[in-house]
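Tertiary structure, described
One-letter residues, chain by chain:
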Amino acid sequence: VGGSIRLAELAERLGGRPLEGDAAFEVADVAALEDAGPHDLGFLRSAAHGAALEASKVGAVLAPEGIDVGGRPVIRTPLPSLDFARVTAWLRPPVRPEPGVHPAAFVAASAHVDPTAAIGPRAVVGEGSRVGAGTVVAAGACLLDDVQVGRDAWIHAGVVVREGTRIGDRVVLQPGVVIGGDGFGYEFNERGEHEKVPQVGHVVIEDDVEIGANTTVDRGRLGATRIRRGAKIDNLVQIAHNVEVGEHAIIVAQCGIAGSTVLGDRVIMMAQSGAAGHLEIGAGTFVGARGGVIEDLAPGSRVWGFPAIAERAWHRSASIVARLPDVVRRLRAVEKKVGLRERPERGE
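Residues numbered from 1 in each chain as written. Predicted model: local features only at pLDDT ≥ 70, side-chain atom pairs only at ≥ 80, totals over all residues. Heavy atoms only, no water.

**Quick notes on the overall build of the protein chain**
When helices and strands are counted, the protein chain shows four helices and 40 strands. Taken over C-alpha atoms, the radius of gyration comes to 27 Å for the protein chain, far larger than the 20 Å a tight globule of 348 residues would show. Each of the three principal axes of the protein chain carries a C-alpha extent, and together these read 85 × 75 × 35 Å. Within the protein chain, the fraction of its 348 residues that count as buried is 41%. Put simply, 20% of the contacts in the protein chain that link residues at least 6 apart link residues at least 24 apart. Carbon and sulfur atoms make up 54% of the accessible area of the protein chain, which totals about 18300 Å². Within the protein chain, one finds 38 positive and 44 negative side-chain charges whose respective centroids are separated by 7 Å. (Helix = DSSP H or I, 4+ residues; strand = E, 2+ residues; numbered from the N terminus. Rg over C-alpha atoms; globule rule 2.2 N^0.38 Å. Buried < 20%, exposed > 50% of the residue type's maximum accessible area, 1.4 Å probe, protein only. Contact = heavy atoms within 4.5 Å. Areas by Shrake-Rupley, 256 points an atom, 1.4 Å probe, with all protein chains shown as cover. Lys, Arg positive; Asp, Glu negative; His and termini not counted. Charge placed at Lys NZ, Arg CZ, Asp CG, Glu CD.)

What follows is the structure, given as structure tokens:
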């Protein structure tokens, strides 16, 4: 824990949020309401969490205006979850390893590692690769030849970054990420057999990107697969060759984006959704969970289902499907009444 801090100082650091109650209250840590103690700070989004707050021992809270907090000191905020995240970062800063190269690491003679970077045990930095100031390459991570990583990045344990990859500043690659593996490319030859298409491109990951555990980003067949600035990609996502992911896009767990598809800025792909190849998905588009995109989408589209259709149409379809059993029963009753059916169907 980074040390205690007075509630008044937190309110000021959060942009001068209004504070009610004991401004000198010392916040020792952050905690969920059900686990909190009298020196902890918690948060609640709405009055719906009032019962949890009433049962909690939490000492102070972040909460929106108008919510009864039972007399506790409170910082009023319209963004309680976000402000709680900010406080968490101040009270529990990540512990960065000491700069330097661990004796059990391998750094090629032609590689350059900034003196302020940290290279963990059994990590590999290949020929011609460069690691920027303040960057951490954790235990067992592998940067192959001609990889460039910018400043203050964190390459977690077990990450593999293939040849020629370019990674910007403050990028986070969670454990098990694979960057720059071969794209899935084959052609049928004259004998009807699969013949591999060489994948000779590379991957570019711009500044402030985070990629979740065990996600894969394939190198381009030719040219680059590109993840643009500020994009956030969850665990277990597949990004195929020559895909472009726009700035500040969100791609949630178990998504798959097929080759050469372009996602515009701030696109949101929810869990288990996917897109076919060579598509344009416009800026600000939202694709609901398990949505399957098989055609271009205009900017600002909101789609659900497979194949993905407009959100309102999908809701109407889902409502109709839910009523189908009753509709079928009524239809069968009418058929029976007018003599169109001689015997009941199985299960009637």
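**What about a nonpolar patch on the surface?**
Residues I320, V321, L324 and V327 make up a contiguous nonpolar surface patch of roughly 330 Å² in combined accessible area. Looking at the secondary structure, you find L324 in helix α4 (residues 311-337). (Patch = residues over 30% accessible without salt bridge, like charges linked within 9 Å, V, L, I, M, F, W, Y side chains within 5 Å. Salt bridge = Lys/Arg side-chain N within 4 Å of Asp/Glu carboxyl O.)

**Quick notes on the side chain of D40**
In this structure, D40 sits in strand β5 (residues 40-43). An unpaired buried charge is present at D40: no salt bridge exists, and R92, the closest side chain of opposite charge, is 6.9 Å distant. Leaving out residues up to four positions away in the same chain, D40 has contacts with F25, D29, A31, V58, G59 and A60.

**Side note on the pattern of salt bridges**
A full pass over the atoms with the stated rule returns 18 salt bridges. Measuring nitrogen to oxygen at the nearest pair gives 3.1 Å for the salt bridge that ties E206 to R228. Note that E206 is positioned in the loop between β24 (202-205) and β25 (210-211) and R228 in the loop between β27 (224-227) and β28 (232-233), a separation of 22 residues in sequence. Residue classification places E206 among the buried residues on the basis of a relative accessible area of 18%. Linked by salt bridges that have partners in common, R162, E163, D182, K196 and R219 make up one network.

**Describing the pairing of strand β21 (residues 178-181)**
Of the strand pairs in this sheet, strand β18 (residues 160-161) and β21 are connected by two bridges, and their pairing is parallel. Of the residues in β21, the one forming a bridge with V160 is V178. Across three bridges, β21 lies against strand β26 (residues 216-218) in parallel orientation. Looking at β26, one finds that V178 is bridged to T216. (Pairing = 2+ DSSP bridges.)

**Topic: unusual backbone geometry**
A cis geometry characterises the amide bond from F306 onward to P307, with omega recorded as -10°. Backbone geometry at R122 places phi at a positive 60°, although glycine is not the residue there. Along the chain, R122 falls in the loop between β11 (118-119) and β12 (124-125). Given the relative accessible area of 69%, R122 is considered exposed.

**Observations regarding the sheet that holds strand β13 (residues 130-131)**
Here we have nine strands laid out as an open sheet, ordered β10-β13-β16-β19-β24-β27-β30-β33-β36, and parallel in their pairing. The two strands at the open ends of the sheet, each matched to only one other strand, are β10 (112-113) and β36 (280-281). Relative to β36, strand β33 (residues 262-263) runs parallel, the two being bridged by two bridges. Paired with L263 across the bridge in β36 is I281.

**A word on the packing of aromatic side chains**
Taken as a whole and assessed by the stated rule, the structure comprises four aromatic pairs. Taking 4.7 Å as the distance between ring centres and 35° as the angle between the ring planes, the aromatic pair formed by F43 and F84 counts as tilted. Separated by 41 residues along the polypeptide, F43 in strand β5 and F84 in helix α3 (residues 80-91) bring together distant segments of the chain. Measuring from centroid to centroid gives 5.1 Å for W304 and W314, while their planes differ by 20°, and the two rings are stacked. (Phe/Tyr/Trp six-rings, centres within 6.5 Å; stacked < 30°, edge-to-face > 60°.)

**Quick notes on the sheet that holds strand β2 (residues 19-20)**
Ordered in space as β2-β7-β6-β5-β4, the five strands form an open sheet in which the pairing is mixed. Strand pairing shows two members of the sheet lacking a second neighbour, β2 and β4 (29-30), which therefore form its edges. Across three bridges, the pairing between strand β6 (residues 60-63) and strand β7 (residues 74-76) is parallel. When the sheet's bridge partners are listed, L62 is paired in β7 with I75. Where α3 meets the sheet, its contacts fall on β4, β5 and β6, and the angle it forms with β5 comes to roughly 155°. (Axes fitted to C-alpha atoms, helices over the stretch in contact; angles between N-to-C directions.)

**Focus: α3**
Helix length check: α3 (twelve residues) gives 16 Å between terminal C-alpha atoms against 16 Å at 1.5 Å per residue, within 8%. Residues P80, D83, F84, V87 and L91 constitute the buried set of α3. End-on, the buried residues of α3 take up no more than an arc of 105°, which puts them together on one face. The inward-facing, buried residues of α3 abut β1 (5-6), α1 (7-13), β3 (26-27), β4, β5 and β6. (Expected span 1.5 Å × (residues − 1). Arc of directions from axis to C-beta.)

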